[in-house]
Amino acid sequence: MDPASPAADTRAAVTLDELLDLLDLSCVGEPTGRVSHWIGQPQQHPAGRLFGGLLLAQALVAAGRGIRTDQRIISLQADFVGGVPTDRPLHWEVTVVSDAPSLATRRSRLLDDTGEELFGAVTRWATVRDDLPSYSSARRAPAPDPETLPDHADRFGSDERIPPWWRLRRPIHFRHAVAPPYVTLAEPNDRQTTFFRATGPLPDDAVLRAALVAYVSDMSILEASFLALGSARHKPGARILSLTHALTFHAAADLTEWHQFDCRVESIAHGRAHGVGELFDAAGRHVATASQVGLVKTPTADRE
């Protein structure tokens, strides 16, 4: 839900180091059979609801801490079940679904105080074999050099028409290739390109690096819905609510360098949007594909 207050709550902003601390989960007790429990801390949000990217990232880390060191994340499928408050620690339950030398599957569930599931994700992990074939037809969209573009907070930080969460500085540089339709309409389109780069060095930890990709993949994938609908993202009454999120990891991503995220909205049916994003590294290598289904609501005036 978008915050109603026009004043930016800077307490919700986190640095890269603070985000890495949020991904440093604590194991609770000893694993029981095939189940382990982990505790994570929330990231504050002016709306009082946790940012979905942190849920994706923590779910991946919780699962990855019990994975063989020669295995890497290859996919994540997640369901956003209910709103997650920001005023309490996050209790993760991780179940070993399957374990084999070449392929492992884990289920991460975020539980509330009564044991009900608020968020769930299944991750798959596999060994990397360079002797097996690789191919991708995906190519980067034409876009400006990210070094010539303003950071998200520099572009929108003083615009009080935009909700606080969208004006804060972030732990990664986040830049739109073209100014998004936040409060003014833009040319009709169903595609949008953004760029990501960490604001500082990253640890040499494959699980944390993949978790950062999961974190940023929830930032802009459905924004093009408002381009397609001829509406504005942050007019009163507009809203995006994530329902499902999927990630396929094709290669390791190093977000200490610029990555280009080309997103497109493939369909909008009865307020439910399906979006796809392709992530490319600085050399143009296709490193990940994200897809999301979410509820999209436009202002009432746009529907009259």
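For the structure given in this document, a descriptive report is provided here. (Residues numbered from 1 in each chain as written. Predicted model: local features only at pLDDT ≥ 70, side-chain atom pairs only at ≥ 80, totals over all residues. Heavy atoms only, no water.)

### Description of the sheet that holds strand E6 (residues 117–127)
- Strands sit in the order E1-E2-E4-E5-E6-E3-E9-E12-E11-E10-E8-E7 across an open sheet of 12 strands; the sheet is antiparallel. Unpaired on one side and paired on the other, strand E1 (26–27) and strand E7 (172–176) mark the two borders of the sheet.
- Examined bridge by bridge, strand E5 (residues 103–111) and E6 share 9 bridges and lie antiparallel to one another. Its bridge partner being in E6, Leu 103 is matched across the sheet by Ala 126.
- In the packing of helix H2 (residues 52–64) onto the sheet, contacts are made with strand E2 (35–40), strand E3 (71–80), strand E4 (90–99), E5, E6 and strand E9 (239–249), and the angle to E6 comes to roughly 50 degrees.
- Most of the contacts of helix H4 (residues 206–216) go to E9, to which it runs at about 145 degrees, and overall it touches E3, E6, E7, strand E8 (191–198), E9 and strand E11 (272–280). (Pairing = 2+ DSSP bridges. Helix = DSSP H or I, 4+ residues; strand = E, 2+ residues; numbered from the N terminus. Contact = heavy atoms within 4.5 Å. Axes fitted to C-alpha atoms, helices over the stretch in contact; angles between N-to-C directions.)

### Focus: the side chain of Asp 262
- Looking at where Asp 262 falls in the secondary structure, it is placed in strand E10 (residues 259–269).
- As a buried residue without a salt bridge, Asp 262 has its nearest oppositely charged side chain in Arg 140, at a separation of 6.9 Å.
- Side-chain polar atoms of Asp 262 contact the backbone nitrogen of Ala 141, separated by 2.8 Å.
- Apart from the residues within four sequence positions on either side, Asp 262 is in contact with Arg 139, Arg 140, Ala 141, Gln 192, Thr 193, Val 276, Gly 277, Glu 278 and Phe 280. (Buried < 20%, exposed > 50% of the residue type's maximum accessible area, 1.4 Å probe, protein only. Lys, Arg positive; Asp, Glu negative; His and termini not counted. Salt bridge = Lys/Arg side-chain N within 4 Å of Asp/Glu carboxyl O. Polar contact = N/O pair within 3.5 Å; in protein donor to acceptor, adjacent residues only side chain to side chain.)

### As for a negative patch on the surface
- On the surface, Asp 17, Glu 18, Asp 21 and Asp 24 cluster together to form a negatively charged patch.
- Mapping Glu 18 onto the fold places it in helix H1 (residues 16–22).
- You can call Glu 18 partly exposed: its relative accessible area is 38%. (Patch = residues over 30% accessible without salt bridge, like charges linked within 9 Å, V, L, I, M, F, W, Y side chains within 5 Å. Areas by Shrake-Rupley, 256 points an atom, 1.4 Å probe, with all protein chains shown as cover. Charge placed at Lys NZ, Arg CZ, Asp CG, Glu CD.)

### Quick word on the packing of H2 against H4
- Contact geometry of H2 with H4 gives a least axis separation of 7 Å together with a crossing angle of 155 degrees. By the criterion of interaxial angle, the relationship of H2 to H4 is roughly antiparallel. The two elements H2 and H4 cross, and the hand of that crossing is right-handed. Contact residues: H2 offers Gly 53, Leu 54, Leu 56, Ala 57, Leu 60, Val 61 and Gly 64, while H4 offers Val 207, Leu 208, Ala 210, Ala 211, Ala 214 and Tyr 215.
- When the residues that make up the contact of H2 with H4 are grouped by side-chain class, the tally is 11 nonpolar, 2 polar and no charged. (Parallel < 35°, antiparallel > 145°, perpendicular 65-115°, else oblique. Left-handed = near helix turned anticlockwise from the far one by under 90°. Nonpolar A, V, L, I, M, F, W, Y, C, P; charged D, E, K, R; others polar.)

### Quick look at the pairing of E5
- Where E4 lies against E5, 8 bridges are found, and the strand directions are antiparallel. Counterpart to Val 96 in the pairing with E5 is Arg 106.
- The turn joining E4 and E5, which pair antiparallel and follow one another in sequence, is formed by 3 residues.
- Count of turn residues in the E5/E6 antiparallel hairpin: 5 residues, of which Gly 115 carries a positive phi of about 90 degrees.

### Overview of the packing of aromatic side chains
- Evaluation of the coordinates by the stated rule reveals 8 aromatic pairs.
- Note on Trp 92 and Phe 119: the rings are 5.9 Å apart at their centroids and 90 degrees apart in plane angle, and the pair reads as edge-to-face. Pair noted here: Trp 92 is in strand E4 and Phe 119 is in strand E6, with a separation of 27 residues, a long-range link. Of the two residues examined, Trp 92 and Phe 119, each falls in the buried class.
- Taken together through their ring pairs, the aromatic side chains of Phe 51, Trp 165 and Tyr 215 make up a single cluster. (Phe/Tyr/Trp six-rings, centres within 6.5 Å; stacked < 30°, edge-to-face > 60°.)

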